[in-house]
Amino acid sequence: MNSTKSDTDADSKEQTSSAAVSRKSSAESRISRKSARVTFSNVSDQDGSEETFDDGDEDDDVCDEGSSQPGGVTPAASEPVSASPDTTTSSTTANTEDASSAISVVTAAAEPSNHPQRPSSHPPLQRTPSRMSGPGLQTISLGQGQGPIAAAMIDKAIEQGTWVVLQNCHLASSWLPTLEKICEEVIPDPERTKSTFRLWLTSYPSPEFPVSVLQNGVKMTNEPPKGLRANLLRSYLNDPISDTTFFHGCNKPETWKKLLFGLCFFHALVQERRKFGPLGWNIPYEFNESDLRISVRQQQMFLNDYDEVPLEALTYLIGECNYGGRVTDDHDRRLLNSLLENFYNQDSIQKSHYRYSSSGSYYCPDSENYQGYLEYIKGLPFIVSPEVFGLHENADITKDQQETTQLFDGILTTLPRQAQGGARSTQQIIEDLASDILSKLPPDFNLEDVQGKYPVRYEESMNTVLFQELIRFNRLTSVVRNSLHDVLKAIKGMVVMSAELEDVFDSMMVGKVPVMWAAKSYPSLKPMGSYVSDLIARLQFFKTWINDGMPTVFWLSGFYFTQSFLTGSLQNYARRYRIPIDHLGFEFEVMDQESEMDTKPNDGVYIRGLFMEGARWSRQTKVIDESNPKILFDTVPVIWFKPGVKADFKAKQSYECPVYKTSARRGVLSTTGHSTNFVLDIQLPSDRPHTHWINRGVAMLCQLDD
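In what follows, the accompanying structure is described. (Residues numbered from 1 in each chain as written. Predicted model: local features only at pLDDT ≥ 70, side-chain atom pairs only at ≥ 80, totals over all residues. Heavy atoms only, no water.)

**Points about the sheet that holds strand E15 (residues 654-660)**
Here comes step 1: Pairing is mixed in the open sheet, where five strands are placed in the order E13-E10-E17-E15-E16. Either end of the sheet is taken by a strand with one partner, and the two such strands are strand E13 (633-635) and strand E16 (678-685). Adjacent strand axes in the sheet meet at a mean angle of 30° when their direction is disregarded.
Here comes step 2: Of the strands in this sheet, E15 and E16 touch helix H11 (residues 330-341), which is tilted by about 140° from E15. (Pairing = 2+ DSSP bridges. Helix = DSSP H or I, 4+ residues; strand = E, 2+ residues; numbered from the N terminus. Axes fitted to C-alpha atoms, helices over the stretch in contact; angles between N-to-C directions. Contact = heavy atoms within 4.5 Å.)

Put into structure tokens, the structure is as follows:
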């Protein structure tokens, strides 16, 4: 296979790369293991539009890239290669010139460069208003009707030896077989294809992406920096901050450099919080370098154009548009603005060595030159304490537990399903487990008897809530009971072991809740043993309600559809006092009792069963307080939900603590308009600013994962 050699810039760092030639079978196995990673990329915002490449201010995130040369197809560098932060696309291409094709894989928040750049041995790019003629690079965003245009661009580039970038390949799934045919039949033809031809591809993960294109290419990756120090260093080494002209291009140099460092610190912070899971963000957003670049440029533009520092405008642009545009969860948006408030304020501009953490380990250096900031960043510790993120020290324990859980989940998938030696067989284990669950599972509720004892009444909405809950739990227990009976029959050969029954069998073997159950179940992250115990406890709660009457204290965690219970409480109040229910809300009072109350409240309900994460309820001071060391969850006492007219509520210093059904926190909107996870916000008294607890990620959970 013919290849071309290109020179890299002497001042750029060499990227460490690996190449491995393998047989097709082994390549396919590697592709199947890493297919998600190979197509892992950011894509440009363009959709179905064609444009000529220009290295101006556009922020197209070219992430998956391929170069194709004439000759035979030789898989190379199947293992992704980690690139250093300052690796350029030019030097990357130079390391892959001996291959027939190359795909650069970029994880979220990292990209090799703003645009592909040609090695010095290739002809320079020529920019024209339309499609390029002669040496250059053409780019097109795939979409409806763009396939034939892209094919024509490739044919032209093959003959002229230019480069082509195909963006958003996942949007042209119907055209991908044509692309695969081009890569297999047209490009390898040495008589047609010039040696300087290159084909670059970008795509979101897609099952339709041709495996052969991945299989026969060189895979590289530009990993995002890990750690606060590395993230800050990367930001200062990347364009545009590394450009001396840009760094010194503001007419308010002192303010500009402080806000610039604060913005980079904020960028590193929002990325690194993802490692703490739901405690950091409810949803792990893919903040990337383009967010930082546009924010930096806007910040300099605003400082140059206004006499006074427009902090409010900058806060809105960065918190609501550039970074906030990715945020879909209301509580995450609240957290984002709270974090940004720590960097965009008058103290950060006026004070020397403004501290970003309570310990003072992280602060804004008062350096006048670019090199001074680099030296300060390089002196930061490698191991970061959670306090710099605004989190409690217990957050490290939570992070380590999540990583351990992921590790053991992976190990469980590799366990053999067949017993060895004198141990009991897998079938015997599942038979015993299924029989044990069936023996503990109570019979379905008799809905007719319940409806006769608790009829629908205008003045008591809880009767309707009870009846609807029993319908849901009957449906769930019916699925559980029938599936277990069918599994027992399938083990004995009496029925066919379908795919659904096989999933139940495998899930029981590793202690997970089967998909069949989860589809009819309330949200839960518990393993199977704890899930069954929790289900039985919920059924017992409703059985006690039916037999002994409405409880004095409701177990909030025991409801299948928690929002219906809350609405029922408001509805009782609205009907009693003839107030529109839309005008009503809850006030909250945490009681002294831990789990039981002597009498029912006149209005509203008592609830129990909540756990607080990220903080605790102080029984002495009656306010939210810091967690005790190594205690991740604190049981919350009985809370009185007091209905009232929202307009009459008096404002007081408090923290709006969100309540979630599971520790995952994230959810989706159901057909009723309610989240599948979020329940409501509870106002808790606090003697600290509410931003302190927002940064802590404090929330209450209806159930734990164990």
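**Quick look at the packing of helix H8 (residues 253-272) against helix H13 (residues 370-378)**
The geometry of a pair of packed helices is captured by two quantities: the angle between their axes and the separation between those axes.
Here comes step 1: In contact at an axis separation of 12 Å, H8 and H13 are set at 30° when each is read in the N-to-C sense. The interaxial crossing formed by H8 with H13 has right-handed handedness. Where H8 abuts H13, its residues Lys-257, Lys-258 and Phe-261 lie against Tyr-373, Tyr-376 and Ile-377.
Here comes step 2: In the contact of H8 with H13, the residues fall into four nonpolar, no polar and two charged. (Left-handed = near helix turned anticlockwise from the far one by under 90°. Nonpolar A, V, L, I, M, F, W, Y, C, P; charged D, E, K, R; others polar.)

**Concerning a nonpolar patch on the surface**
Here comes step 1: Together, Leu-407, Phe-408, Ile-411 and Leu-415 give the surface a local cluster of nonpolar side chains, amounting to about 370 Å² of exposed area.
Here comes step 2: Tracing the backbone through its elements, the reader meets Leu-415 in the loop between helix H14 (395-413) and helix H15 (426-440).
Here comes step 3: Classification of Leu-415 by relative accessible area gives partly exposed; the value is 40%. (Patch = residues over 30% accessible without salt bridge, like charges linked within 9 Å, V, L, I, M, F, W, Y side chains within 5 Å. Areas by Shrake-Rupley, 256 points an atom, 1.4 Å probe, with all protein chains shown as cover. Salt bridge = Lys/Arg side-chain N within 4 Å of Asp/Glu carboxyl O. Buried < 20%, exposed > 50% of the residue type's maximum accessible area, 1.4 Å probe, protein only.)

**A short note on the packing of helix H17 (residues 462-491) against helix H18 (residues 499-510)**
Here comes step 1: Direction vectors running N to C along H17 and H18 enclose 95°, while the axes themselves pass 10 Å from each other. As summarised for this structure, H17 and H18 are arranged roughly perpendicular, according to the angle between their axes. Contacts from Ser-483, Leu-484, Asp-486, Val-487, Ala-490 and Ile-491 of H17 reach H18 at Leu-501, Val-504, Phe-505 and Met-508.
Here comes step 2: Of the residues in the contact of H17 with H18, the class split is eight nonpolar, one polar and one charged. (Parallel < 35°, antiparallel > 145°, perpendicular 65-115°, else oblique.)

**Section: the packing of aromatic side chains**
The way to describe two aromatic rings as a pair is by their centre distance and the angle between their planes.
Here comes step 1: Under the criterion given, the structure shown has 48 aromatic pairs.
Here comes step 2: Ring geometry for Tyr-236 against Phe-261: centres 6.2 Å apart, planes inclined by 50°, an arrangement best described as tilted. In this pair, Tyr-236 sits in helix H6 (residues 228-237) while Phe-261 sits in helix H8, placing the two residues 25 residues apart along the sequence. In this structure, Tyr-236 and Phe-261 share a single accessibility class: buried.
Here comes step 3: Sitting over the ring of Trp-640, Lys-642 keeps its end group 4.9 Å from the ring centre. (Phe/Tyr/Trp six-rings, centres within 6.5 Å; stacked < 30°, edge-to-face > 60°. Lys NZ or Arg CZ within 6 Å of the ring centre and 35° of its normal.)

**Here we look at the sheet that holds strand E14 (residues 639-645)**
Here comes step 1: With mixed pairing, the four strands of this open sheet are ordered in space as E7-E9-E14-E8. In the strand order of this sheet, the two ends are held by strand E7 (553-555) and strand E8 (584-590), each with one partner. Across this sheet, the average inter-strand angle for adjacent strands is 40°, counted without regard to direction.
Here comes step 2: Examined bridge by bridge, E8 and E14 share seven bridges and lie antiparallel to one another.

**Comments concerning the pairing of strand E3 (residues 137-141)**
Here comes step 1: Judged by how many residues are buried, E3 sits mostly within the fold: five of five residues are covered.
Here comes step 2: Every second residue of E3 is oriented toward a common face, with Leu-137, Thr-139 and Ser-141 on one face and Gln-138 and Ile-140 on the other, all of them buried.
Here comes step 3: As defined by bridge partners, E3 adjoins strand E4 (residues 163-167) across five bridges and the pair is classed as parallel. Within E4, the residue paired with Ile-140 across the bridge is Leu-166.
Here comes step 4: The parallel pair E3 and E4 is bridged by helix H3 (residues 147-160), and the resulting crossover is right-handed. (Right-handed = clockwise from strand over helix to strand, strands pointing away.)

**Focus on unusual backbone geometry**
Here comes step 1: Following Asp-239, the chain continues into Pro-240 via a peptide bond in cis, with omega recorded as 5°.
Here comes step 2: Examined against the element boundaries, Pro-240 turns out to sit in the loop between H6 and helix H7 (244-247).
Here comes step 3: Phi at His-353 is positive, roughly 55°, even though this residue is not glycine.
Here comes step 4: With respect to the helices and strands, His-353 occurs in the loop between helix H12 (346-350) and H13.
Here comes step 5: A positive phi angle, near 60°, is found at Lys-622, a position not held by glycine.
Here comes step 6: Mapped onto the elements of the fold, Lys-622 is located in the loop between strand E11 (616-617) and strand E12 (624-625).

These values are about where atoms sit, not about what they do.
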